[in-house]
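Letter by letter, the chains look like this.
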Amino acid sequence: MTTQTTYQQPEIDAALAVIKFDAQGLVPAIAQQHDTGEILMMAWMDRDAVAETMRTGRACYWSRSRKAPWRKGDTSGHIQTLVELRIDCDGDTLLALVDQTGVACHTGRHNCFFRAIRNGALAEIAPIEIDMEKEKV
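Bear in mind the structure is a predicted one, so any value in this text is a computation, not a measurement.

Some details on the UniProt feature "binding site: Zn(2+)" (unreviewed entry) in the protein
According to UniProt, the feature "binding site: Zn(2+)" (unreviewed entry) maps to Cys89, Cys105 and Cys112 in the numbering used here. A stretch of 24 residues holds the annotated residues, and the largest C-alpha distance among them is 27.4 Å, long enough that they do not meet in one place. You can see cysteine 105 is positioned in the loop between strand S6 (94-100) and strand S7 (115-118). Here cysteine 105 falls in the buried class, since its relative accessible area comes to 3%. When near neighbours in sequence (up to four residues on either side) are disregarded, cysteine 105 contacts His110, Asn111, Cys112, Phe114 and Met132. For cysteine 112, the position within the fold is in the loop between S6 and S7. Apart from the residues within four sequence positions on either side, cysteine 112 is in contact with Leu40, Met41, Ala104 and Cys105.

Below, the structure is given as structure tokens:
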């Protein structure tokens, strides 16, 4: 069992002070499985999502399509428990080391990077693990 990491307000303030948000107030965040190194997904965070993630130890993102906060797993149960939040050298990209419960991708695959060019064509290289439509019941 992985220990959930939470941060205190001074740590949150220090992180927010060095993160360079874009003109829309967003920063890209890469979610990586902490123990295997598998890249799970990329999403966007705003200031509130960064603070919420750090405060609660649960990954929270900003949904550009819904224009609203999105806590990973609230509707699907496929949560991301924060192990560590890292900020890159330029302050313009985050790396969330997480412990993924269930699948990370809305397609039902373990990660969002399931397509690759193989033999000159786009191929799906990972199977669907969970039928997400059935899970909405």
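Re the side chain of arginine 109
Residue placement: arginine 109 occurs in the loop between S6 and S7. At 3.0 Å, the side chain of arginine 109 forms a polar contact with the backbone oxygen of alanine 126. Other than its neighbours up to four places away in sequence, arginine 109 contacts Val103, Ala104, Phe114, Glu124, Ala126, Pro127, Ile128 and Glu129.

A few points about the pairing of S7
Two elements, S7 and strand S8 (residues 121-124), share four bridges in a ladder whose sense is antiparallel. Residue pairing in the sheet places isoleucine 117 in a bridge with leucine 122 of S8. Counted between consecutive antiparallel strands, the loop separating S7 from S8 contains two residues, among which asparagine 119 sits at a positive phi close to 55 degrees.

Side note on the pattern of salt bridges
The final tally for this structure, using the stated rule, is six salt bridges. One salt bridge connects aspartate 74 with arginine 71, and the closest N-O pair in it is separated by 3.3 Å. For arginine 71, a relative accessible area of 24% translates into the label partly exposed. Taken together, the shared-partner salt bridges in this structure form one network comprising Glu52, Arg55, Arg58, Arg71 and Asp74.

About the cut-offs
Starting afresh in each chain, residues are numbered from 1 along the sequence in its written order. Totals for whole chains, interfaces and linings use every residue, but because this is a predicted model, local features are given only for residues with pLDDT of at least 70 and side-chain atom pairs only at 80 or more, for both listing and counting. The side-chain values count all of the structure's non-hydrogen atoms but skip hydrogen atoms and water molecules. UniProt positions are given in the numbering used here, feature names are shortened, and annotations may be inferred rather than shown by experiment. By definition, any uninterrupted DSSP run of H or I lasting at least four residues is a helix, any uninterrupted run of E lasting at least two residues is a strand, and each is numbered from the N terminus. Each residue gets one of three labels from its accessible area relative to the maximum for its type: buried under 20%, exposed over 50%, partly exposed in between, using a 1.4 Å probe on protein chains only. The contact criterion used throughout is that any non-hydrogen atoms of two residues lie within 4.5 Å. Identification of polar contacts relies on pairs of N or O atoms within 3.5 Å, with a donor-acceptor requirement for protein atoms, meaning one able to donate a hydrogen and the other able to accept it, and with residues adjacent in sequence counted only if both atoms are side-chain atoms. When DSSP finds at least two bridges between two strands, those strands are taken to pair. Criterion for a salt bridge: a side-chain nitrogen of Lys or Arg within 4 Å of a carboxyl oxygen of Asp or Glu.

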